[in-house]
Structure formats: structure tokens, C-alpha cells
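# Close look at the chain arrangement
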Amino acid sequence: MQTSHAMITGRIIGGAHGSPFAAATFDLDACGYVEDEWGLAGDAQIYRHRSGTDRSFDGRWHAEPSGTAAFATRLLVR
């Protein structure tokens, strides 16, 4: 299995509401904290159900790697 690392794509500023989703609702600076939102992107491992094995109701299935897929997400850092 190949390991891939996510890359920070840059600080996100602004947006439709001017602040990150789930931003603090109080003055973090007064408490000695800062809050920034960053982009994160990379390749995620894809898994598939291993053929010839059962799919149990407890969610413990046998899986195997099946490629990768690009992903991008946002990270709120305080």
C-alpha cells in the first residue's frame, strides 16, 4: 500500500459569511487564542469489500485497498 501525505493548500480568508463555519462565538483573542482556517488536500486511500467474505451486521467487514481518490477539506485551527 502506498502512503500519501496531505498538503496544506493555504490559509483561507473571507468566504460568504466572513468567518469559518463553526467559528468561535466569543472573543478568542481576549482569552489568548487565535483562530485560522486552512485548506488541506491530497490523495485518500480507497477500500473495497474483499470478495468471498461476509458483510456482517456489526460493521466489521474485510476490506482491501482499491486505489486512491483526490480530496480537499478545510481545517479550523485554534
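Residues numbered from 1 in each chain as written. Predicted model: local features only at pLDDT ≥ 70, side-chain atom pairs only at ≥ 80, totals over all residues. Heavy atoms only, no water.

Here the focus is the overall build of the chain. Across its full length, the chain carries zero helices and three strands. Radius of gyration (C-alpha) of the chain: 19 Å, far over the 12 Å computed for a compact globule of 78 residues. Based on the C-alpha atoms only, the size of the chain along its principal axes is roughly 60 × 30 × 25 Å. Once local pairs closer than 6 in sequence are excluded, the contacts in the chain between residues at least 24 apart make up 67%. (Helix = DSSP H or I, 4+ residues; strand = E, 2+ residues; numbered from the N terminus. Rg over C-alpha atoms; globule rule 2.2 N^0.38 Å. Contact = heavy atoms within 4.5 Å.)

This part is about the pattern of salt bridges. Pairing between side chains of opposite charge can happen when the charged atoms of each approach one another. Going through the model one piece at a time under the given rule, you end up with five salt bridges. Of the charged contacts, one joins Arg 74 and Glu 37 as a salt bridge, the two residues approaching to 3.0 Å between their closest N and O atoms. Taken together, the residues Arg 74 in strand β3 (residues 63-77) and Glu 37 in strand β2 (residues 36-49) connect sequence positions 37 residues apart. For Glu 37, a relative accessible area of 9% gives the class buried. Among the charged side chains, a salt-bridge network with shared partners connects Arg 48, Arg 50 and Glu 64. (Salt bridge = Lys/Arg side-chain N within 4 Å of Asp/Glu carboxyl O. Buried < 20%, exposed > 50% of the residue type's maximum accessible area, 1.4 Å probe, protein only.)

Turning our eyes to something else, we now look at the environment of Glu 64. Considering the arrangement of structural elements, one finds Glu 64 in strand β3. On the basis of relative accessible area, Glu 64 is assigned to the partly exposed category, the value being 22%. If sequence neighbours within four positions are ignored, Glu 64 has contacts with Ile 46, Tyr 47, Arg 48 and Arg 50.

What follows deals with the sheet that holds β2. What the three strands build is an open sheet, ordered β1-β2-β3; its pairing is antiparallel. Edge positions in the open sheet fall to β1 (7-12) and β3, since each of these has one partner strand only. Each strand axis lies, on average, 25 degrees off the axis of its neighbour in the sheet, ignoring direction. Examined bridge by bridge, β1 and β2 share five bridges and lie antiparallel to one another. By the bridge assignment for β2, Ile 12 is matched with Glu 37. (Pairing = 2+ DSSP bridges. Axes fitted to C-alpha atoms, helices over the stretch in contact; angles between N-to-C directions.)

Positive phi, normally seen in glycine, also occurs at Ala 22, with a value near 70 degrees. Residue position: Ala 22 is located in the loop between β1 and β2.

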